[in-house]
Amino acid sequence: TPRVFSGIQPSGNLTLGNYLGALKRFANSQNEGIESIFCMVDLHAITVWQEPDALRHATRQLTAGFIASGIDPQKSILFNQSQVPEHTQMAWVFNCVARMGWMKRMTQFKDKAGKNAEQASLGLFGYPALMAADILVYHATHVPVGEDQKQHLELTRDIAIKFNNDYGVDFFPITEPVIEGAATRVMSLRDGSKKMSKSDPSDMSRINLTDDADTIAKKIRKAKTDPEPLPETTEGLEDRPEARNLVNIFAALNDQSVDQVMQDMGGKPFSEFKPLLAELAVEKLAPISSEMGRLMQDVGEIDRILANGSERARTIAHPILRQTYDIIGMVQPA
Ligand code: TYM
C-alpha cells in the first residue's frame, strides 16, 4: 500500500520555492485518500546553528504553513521529528549501513559546508542518513520533494537496498521520489542560476510566504530579467533562465502547464508580464499568509496538533524500528 512521507526544515522563512516545490503539492496525496505523513524536521535544522526561540517559533509557523496549505491534521499526520525518538534510533542503524564515500558525494553537504568542511557539524555530514530514517521508519513508498532533494532520495534507496542485501531480507521498500509540476526548482529572483533559498543573504532573491502584497509586487518588479520580451514559444525559453523561472512560477501558481502560460503570455514585454505575475502571486499567497497568521494566534492549539500527530506517528514507527532491531540482532524485551 502506498504511504507518503515528506519533511521540511523549520529554519527561517518559508519561501515560494518551498511552497511550489513541496507544500502546495502535499495536499494532493491526502486528498486522494493516501496515508500521508508530514514532518517538521527540527533535528535536521540544528545541523547548523539555530537560535532556540527562533527554532521553536519556526517549527510552529511551519506547522501553520502546512495547515494553511491544505493539510488537514485529522486526515494527515502532522508532527515534529524530535517528538518521535524512533527517527534518531533508526538513523543510528543507517549510520552503520551508509558508507563515508556515499556521504562525501552529497552536493548539499559540499554546498552547505563550503570551503571549511572541517568546521561543519558531524550532524550536517550524517544528515542524509537521518533523512533516510525519516522515510524508512514508516516504510514510506512515495516522497514528494523539490528537485534539490533528488540526490538524498537516491541515497535513501541505496541504504534500503544495502540493508536488505546485508541482512538477506525484503524489509525496506525502495522509495519513489515524486518530483512533479512546473516549479520543482524555483530559482533566485536575483540570479537565474541559483536556487531560491531561505538562507540566501538577499531577501530580494526570494518571496517569503509571510511577505505582504506590496513586498511581493516589489520583489517581482525588481526581479532580474534580460531586456527581450517573452519569447513566442516554450522552446524560446531555453537559454533564458530568468524568464523561464518567472514563467514556471506563473504556471505552478495558476495550476497550468508552461505551454498554456506561453500561449497567453508569449511575446509580452516584462513590463506587462511582471504585474500579471505579481497580481497572481498576491492572489494565491495572501490567503495562505493570513491563515498562517490566524493559526499562530493560538500556539497552544498548534502544540496540541504536533503532540497528537507525534503520537500517531509513533504507532507506525515503533513496530518498524522494533522489527529492524530484531533483524539486526538486538536483544529486546519479549
Ligand atoms: P528543505 O527544508 O530545504 O525544503 C523543503 C522542501 O522544499 C523544497 N524546495 C524547493 N522546491 C523548489 N524550488 C526551490 N527553490 C526549493 N527550495 C526548497 C525541497 O526540495 C523540499 O521538498 N532534507 C529536506 C528535508 C527533509 C525531508 C526528509 C524531505 C528531511 N527529511 C524526508 C523529504 C523526506 C530539506 O532540507 O528540505
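Sequence order sets the numbering: in each chain, residues are counted from 1 along the sequence as written. The predicted nature of this model means local features are confined to residues of pLDDT at least 70 and side-chain atom pairs, given and counted, to a pLDDT of 80 or more, with totals for whole chains, interfaces and linings taken over all residues.

Quick reminder: α-helices carry 3.6 residues per turn. Residues three or four places apart thus point the same way. With 18 residues, helix H8 (residues 150-167) should cover 26 Å at 1.5 Å per step; its first-to-last C-alpha distance of 26 Å lies within 8% of that length. Three exposure classes are used, based on other C-beta atoms lying within 10 Å of a residue's own C-beta, which is placed from the backbone: buried for 20 or more, exposed for 12 or fewer, and partly exposed in between. Comment: elements are numbered from the N terminus, with helices defined as DSSP H or I runs of at least four residues and strands as E runs of at least two. For H8, the full list of buried residues reads His152, Leu153, Leu155, Thr156, Ile159, Ala160 and Phe163. For H8, the angular spread of the buried residues around the axis is 155°, confining them to a single face. What counts as a contact here is a pair of residues whose C-beta atoms, placed from the backbone, lie within 7 Å. In this structure, the buried side of H8 is in contact with helix H4 (86-95), helix H5 (100-104), helix H7 (122-136), strand E4 (142-144) and strand E5 (176-178). Where H8 ends, the next residue or the one after it, glycine 168, has phi of about 60°, a positive value. A helix is expected to span 1.5 Å for every residue after the first. Regarding the arc, it is the one traced by the directions from the helix axis to the C-beta atoms.

Next up on the list: the environment of aspartate 166. Relative to the helices and strands, aspartate 166 is located in helix H8. On a C-alpha basis, the gap between aspartate 166 and arginine 322 in space is 18 Å, while along the polypeptide they are 156 residues apart.

Another aspect to go through is the domain arrangement of the chain. Either an automatic procedure or a domain database provided the assignment from which the domain bounds are taken. Domain annotation for the chain reports domain 1 (3-178 + 299-328) and domain 2 (203-294). The straight-line distance from the C-alpha centre of domain 1 to that of domain 2 is 30 Å. Taken residue by residue, the interface counts 11 residues in domain 1 and 10 residues in domain 2. Looking at the side of domain 1 that touches domain 2, the elements with two or more residues in it are helix H1 (16-31) and helix H3 (52-68). With four residues, the single largest contributor to the side of domain 1 that touches domain 2 is H3.

Looking now at the site of the ligand. Nearness between a residue and a molecule or strand is assessed with a C-beta atom placed from the backbone; a distance within 6 Å qualifies. Close contacts around the ligand come from 26 residues, with Gly7, Gly17, Gly21, Val145 and Gly146 the closest. Following the grouping adopted for this structure description, the nonpolar residues are Ala, Val, Leu, Ile, Met, Phe, Trp, Tyr, Cys and Pro, the charged ones are Asp, Glu, Lys and Arg, and the polar ones are all others, Gly among them. Tallied by class, the residues present in the shell around the ligand amount to 11 nonpolar, 11 polar and four charged.

Another aspect to go through is the UniProt feature "binding site: L-tryptophan" (unreviewed entry) in the chain. UniProt positions are given in the numbering used here, feature names are shortened, and annotations may be inferred rather than shown by experiment. The UniProt record annotates "binding site: L-tryptophan" (unreviewed entry) at Asp134. Turning to its location among the elements, aspartate 134 is positioned in helix H7. Classification of aspartate 134 as buried rests on a count of 27 C-beta atoms within 10 Å.

Right, let's get into the pairing of strand E2 (residues 35-40). For E2, a buried count of five out of six residues is recorded, marking the element as mostly surrounded by other parts of the structure. By the convention used here, strands pair only if DSSP detects at least 2 bridges between them. Bridge count between strand E1 (residues 3-8) and E2: six bridges; the pairing is parallel. Considered in E2, the bridge of arginine 3 is made with glutamate 35. By convention, a crossover is right-handed whenever its connection, traced from the first strand over the helix to the second and viewed with the strands pointing away, goes clockwise. Crossover connection from E1 via H1 to parallel E2: handedness right-handed. Pairing of E2 with strand E3 (residues 77-80), which is carried by four bridges, proceeds in the parallel orientation. Following the sheet pairing, methionine 40 is matched in E3 by asparagine 80.

Only the stretch in contact is used when a helix axis is fitted, and all axes are lines through C-alpha atoms; the angle between N-to-C directions ranges over 0 to 180 degrees. Between H4 and helix H13 (residues 299-328), whose axes approach to 10 Å, the crossing angle comes to 25°. By the angle between their axes, H4 is roughly parallel relative to H13. For the crossing formed where H4 meets H13, the hand is left-handed. Across from Glu86, Gln89, Met90 and Val93 in H4, the residues of H13 making contact are Arg314, Ala317, His318, Leu321, Thr324 and Ile328. Taken together, the residues of the contact of H4 with H13 break down into five nonpolar, three polar and two charged. In these notes the angle categories are as follows: under 35 degrees is roughly parallel, over 145 is roughly antiparallel, 65 to 115 is roughly perpendicular, and the rest is oblique. Left-handed is the label given to a crossing in which the near helix is rotated counterclockwise from the far helix by less than a right angle, and right-handed is the label when the rotation is clockwise.

Take the nonpolar core next. When a protein is soluble and globular, its nonpolar side chains tend to lie buried together. Only buried Ala, Val, Leu, Ile, Met, Phe, Trp, Tyr and Cys residues enter a nonpolar core, and they are joined through C-beta atoms within 7 Å. Formed by 91 residues in total, the largest nonpolar core has its most connected members in Ile37, Phe94, Ala132, Ala133 and Ile249. When we break this core down by domain, the ones giving at least three residues each are domain 1 (3-178 + 299-328) and domain 2 (203-294). Residues in contact with phenylalanine 94, not counting those within four places in the same chain, are Ala129, Ala132, Ala133 and Ile159.

Between its first and last C-alpha, helix H12 (residues 270-295) extends 36 Å over 26 residues, near the 38 Å set by a 1.5 Å rise per residue. Axes are fitted to the seven residues ending at a residue and to the seven starting at it; the angle between these axes is taken as the bend at that residue. Most pronounced at leucine 285, the bend in H12 amounts to some 35°, and the proline proline 287 follows within four residues. Taken as a whole, H12 has its buried residues at Phe270, Phe273, Leu277, Ala278, Ala281, Leu285, Ile288, Ser289, Met292 and Leu295. The inward-facing, buried residues of H12 contact H3, helix H9 (213-221), helix H10 (241-253), helix H11 (258-265) and H13.

At a closest axis distance of 10 Å, the pairing of H3 and H13 adopts a crossing angle of 80°. One finds that H3 runs roughly perpendicular with respect to H13. Mapping the contact onto sequence places Arg60, Thr63 and Ala64 in H3 and Val299, Ile302, Ile305 and Leu306 in H13. Class assignment for the residues of the contact of H3 with H13 results in five nonpolar, one polar and one charged.

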